[in-house]
Amino acid sequence: MRVGELARRTGTTVRALRYYESAGLVVPRRLSNGYREYDPMAVRLVAQIRELMALGLTVEETRPFVESIAGGADDTDVCAAAVATYRSTITHLQERIGLLSAQRDALDARLDAAATQVVPGGRAEGGDTAELVGVRLPPLSFYGTDGRPVDLGALGDGRSVIFVYPLTGRPGVDLPNGLLEIHGARGSTEQAAWFRDHHAELRAAGAARVYGLSAQSTGYQRELAHRLRLPYPLIPDPRLTLADALRLPTRTAGDMTVYERLTLIVADGKVEHVFHPIPDPASHPLDVMRWLTKRRPASGSVAA
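Everything quoted here is computed from the prediction, not taken from an experiment.

A.B. asks: Help me understand the pattern of salt bridges, please; the structure alone is not making it clear to me.
C.D. replies: Close approach of charged atoms lets side chains of opposite charge pair. The final tally for this structure, using the stated rule, is nine salt bridges. Notably, a salt bridge pairs Arg29 with Glu37, separated by 2.7 Å at the nearest N-O pair. By relative accessible area, which is 44% here, Arg29 ends up partly exposed. A salt bridge links Arg196 to Asp197, with the shortest nitrogen-to-oxygen separation between them at 2.9 Å. Given a relative accessible area of 26%, Arg196 falls into the partly exposed group. Since its relative accessible area comes to 46%, Asp197 is described here as partly exposed.

Following this line, the structure appears as structure tokens:
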């Protein structure tokens, strides 16, 4: 077969096949007119190369496997060279995983350290949340746990649900002293999970988008979003900028201040409804869903 046909049958490119040829792995015959012609076995050879490269092997490291196929072997994994290659690749992958994990942990530590430096002194603990209805959200920009920018002043068409919570912990890591004594601090993880479990129903009821927001750092929030597989982003606000802008209620324990639990329903850039206080965080998403179902979705509701 010609090079174009081989590329089509193996799902690769002519350029890649030329590279395999230059490495001596898939070598065609030269016809009298100068054209290359590949043996039908070339399909299997190329498939083996691509499969092993997807597992992390380099083109050169596929050589013992390709040579085994060319030599007529049925199982290319049984030769000593193949076993040695697997071991070497696994070792290199483990080294890379260790390095990336160390980089992630170092970044998380810096984020968490930065968050603990925010010690709001003399901060007002918030006014009457009923006064928030009709207030336009300020143009505050954040980056959510999904890596996308979030501008609270331009959330888009339709209703947005922003549930504000005090804090969550990490498995096996103690929370700072005094924080669990704050009224309403417990239950944030369960609340986030319930918003996850009822996310599709909230969307169907008229929520164009859902966000969680707390004063914790991106590191804590990213761990929670990953662990719970949240379908919505969390917003880190360690400087409590939204609390300052809207006079949202907060609570202080020791040298740290966190948000008091509440939920904002935002439509057309303005606060349409406020849920506060929230006595039962776990079942609160059902209260939000009931409120939404009693009202027609804001016009132009678009998924975020």
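A.B. asks: How should unusual backbone geometry be read in this particular structure?
C.D. replies: Excluding glycine, residues mostly carry a negative phi; peptide bonds, for their part, are mostly trans. Residue Pro277 follows His276 across a cis peptide bond; omega there is 0 degrees. Of note in this structure, Arg247 is not a glycine but carries a positive phi near 55 degrees. Turning to its location among the elements, Arg247 is positioned in the loop between α9 (241-246) and β8 (250-253). At Asp268, a residue that is not glycine, the phi angle is positive and equals roughly 55 degrees. Residue Asp268 is classed as exposed on the basis of its relative accessible area of 58%.

A.B. asks: It is not clear to me how the side chain of Thr62 should be interpreted in this structure. Could you clarify?
C.D. replies: Locating Thr62 in the fold gives a position in the loop between α3 (41-54) and α4 (63-70). Thr62 has contacts with Leu25, Ile49, Leu52, Met53 and Leu57, leaving out every residue within four places of it along the chain.

Rules behind the numbers
- Residues numbered from 1 in each chain as written.
- Predicted model: local features only at pLDDT ≥ 70, side-chain atom pairs only at ≥ 80, totals over all residues.
- Heavy atoms only, no water.
- Salt bridge = Lys/Arg side-chain N within 4 Å of Asp/Glu carboxyl O.
- Buried < 20%, exposed > 50% of the residue type's maximum accessible area, 1.4 Å probe, protein only.
- Helix = DSSP H or I, 4+ residues; strand = E, 2+ residues; numbered from the N terminus.
- Contact = heavy atoms within 4.5 Å.

It is worth stressing that arrangement in space is one thing and function is another; only the former is reported here.
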